[in-house]
Amino acid sequence: MMQAVVQLRGEVNLSEDVTDTLSMLNLGRVNHCALLPETDAYRGMITKVHDHVAYGEPSAETLSTVLRRRAEPESGEGDVDDEWVAEHTDYGDVEALAEALLAEETTLREQGLDPVLRLHPPRGGHDGVKQPVAAGGQIGKHTTAEIDDLLTAMR
């Protein structure tokens, strides 16, 4: 299953390792989100940056909301809606694209979309970027419900 990774902490005072890893994940700015397949290589990269990001497996429903609001074509202009998706990708609508992404059948870039989703800061705020989820914060691994809440707030 695809992981959604959202950078929550800024790039000041990070080690070069972490900065490099974030840029390999197409992150580098707060509130940017990338969708990554679950492979050993990516798992290791997430482990390396897990103090600076929130990550988890979103539901198809939430992912399609976020894509509708925040996905951008990799080149040119245009709103990503069902018509755009039907015309430019291998899928009929945004929901079908979201499900294929989650099943790791495709990537945003393969379908002509920008690999980064530039999200809105979370509406109503988040639970704090200095603590992991277990301690009541927002950093690190989230369950599907938790990452859905965060992505919905940042839609």
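The preceding data block contains the structure.
Residues numbered from 1 in each chain as written. Predicted model: local features only at pLDDT ≥ 70, side-chain atom pairs only at ≥ 80, totals over all residues. Heavy atoms only, no water.

**Side note on the overall build of the protein chain**
The helix and strand tally for the protein chain stands at six helices and five strands. In the protein chain, the succession of α and β elements from N to C terminus is β-α-β-α-β-α-α-α-β-β-α. The C-alpha radius of gyration of the protein chain comes to 15 Å, within 12% of the 15 Å expected for a compact globule of 155 residues. Counting only C-alpha atoms, the protein chain reaches 45 × 30 × 25 Å along its principal axes. (Helix = DSSP H or I, 4+ residues; strand = E, 2+ residues; numbered from the N terminus. Rg over C-alpha atoms; globule rule 2.2 N^0.38 Å.)

**Structural notes on the pattern of salt bridges**
Applying the stated criterion to the full structure yields seven salt bridges. In this structure, Glu74 and Arg109 form a salt bridge, with 2.9 Å as the shortest nitrogen-oxygen distance. Taken together, the positions of Glu74 in the loop between helix H3 (60–70) and helix H4 (82–88) and Arg109 in the loop between helix H5 (94–102) and strand S4 (116–118) put the pair 35 residues apart, joining distant regions of the chain. Since its relative accessible area comes to 38%, Glu74 is described here as partly exposed. In this structure, a network of salt bridges that share partners links the residues Glu38, Asp40 and Arg43. (Salt bridge = Lys/Arg side-chain N within 4 Å of Asp/Glu carboxyl O. Buried < 20%, exposed > 50% of the residue type's maximum accessible area, 1.4 Å probe, protein only.)

**Section: the sheet that holds strand S3 (residues 53–56)**
Strands belonging to one sheet form pairs held by backbone hydrogen bonds; the direction of such a pair is parallel or antiparallel. The five strands lie next to each other as S4-S2-S1-S3-S5, forming an open sheet whose pairing is mixed. In this open sheet, the two strands that pair with only one neighbour each are S4 and strand S5 (140–141). As defined by bridge partners, strand S1 (residues 3–7) adjoins S3 across four bridges and the pair is classed as antiparallel. Each residue of the ladder has a partner; that of Val5, found in S3, is Tyr55. (Pairing = 2+ DSSP bridges.)

**What about the packing of H3 against H5?**
It is the contact of H3 with H5, at a shortest axis distance of 8 Å, that shows an interaxial angle of 120°. With respect to H5, the axis of H3 lies oblique. As H3 runs across H5, the sense of the crossing is right-handed. Judged by residue contacts, Ala60, Leu63, Ser64, Leu67 and Arg68 of H3 engage Val94, Glu95, Leu97, Ala98, Glu99, Leu101 and Leu102 from H5. Along the lines of polarity and charge, the residues of the contact of H3 with H5 split into eight nonpolar, one polar and three charged. (Axes fitted to C-alpha atoms, helices over the stretch in contact; angles between N-to-C directions. Parallel < 35°, antiparallel > 145°, perpendicular 65-115°, else oblique. Left-handed = near helix turned anticlockwise from the far one by under 90°. Contact = heavy atoms within 4.5 Å. Nonpolar A, V, L, I, M, F, W, Y, C, P; charged D, E, K, R; others polar.)

**Notes on the side chain of Gln111**
Examined against the element boundaries, Gln111 turns out to sit in the loop between H5 and S4. We classify Gln111 as buried; its relative accessible area is 4%. Polar side-chain contacts of Gln111 include one of 2.9 Å to the side chain of Thr106. Once you skip the residues sitting within four places of it in the chain, Gln111 turns out to touch Trp84, His88, Thr89, Asp90, Tyr91, Leu97 and Thr106. (Polar contact = N/O pair within 3.5 Å; in protein donor to acceptor, adjacent residues only side chain to side chain.)

**A few points about the nonpolar core**
If you look at the biggest cluster of nonpolar residues, it comprises 31 residues, and the most contacted ones within it are Leu67, Leu117, Leu119 and Leu151. Of all the elements in the fold, those that place two or more residues in this core are S1, strand S2 (32–36), H3, H4, H5 and helix H6 (144–153). At six residues, H5 tops the list of elements feeding residues into this core. Beyond its immediate stretch of four places on either side in the chain, Leu151 contacts Ala4, Val6, Cys33, Pro58, Thr62, Val66 and Leu119. Leu27, Ala34, Leu36 and Val49 belong to the second largest nonpolar core, which has 13 residues in total. (Core = buried A, V, L, I, M, F, W, Y, C linked by side-chain atoms within 4.5 Å.)

**Side note on the packing of helix H1 (residues 16–24) against helix H2 (residues 40–49)**
It is the contact of H1 with H2, at a shortest axis distance of 9 Å, that shows an interaxial angle of 135°. Considering the angle they form, H1 stands oblique to H2. Between H1 and H2 the crossing geometry is left-handed. Contact with H1, carried on its side by Asp17, Val18, Thr21, Leu22 and Met24, involves Met45, Lys48 and Val49 of H2 and no other residues of that element. Classifying every residue of the contact of H1 with H2 by side-chain character gives five nonpolar, one polar and two charged.

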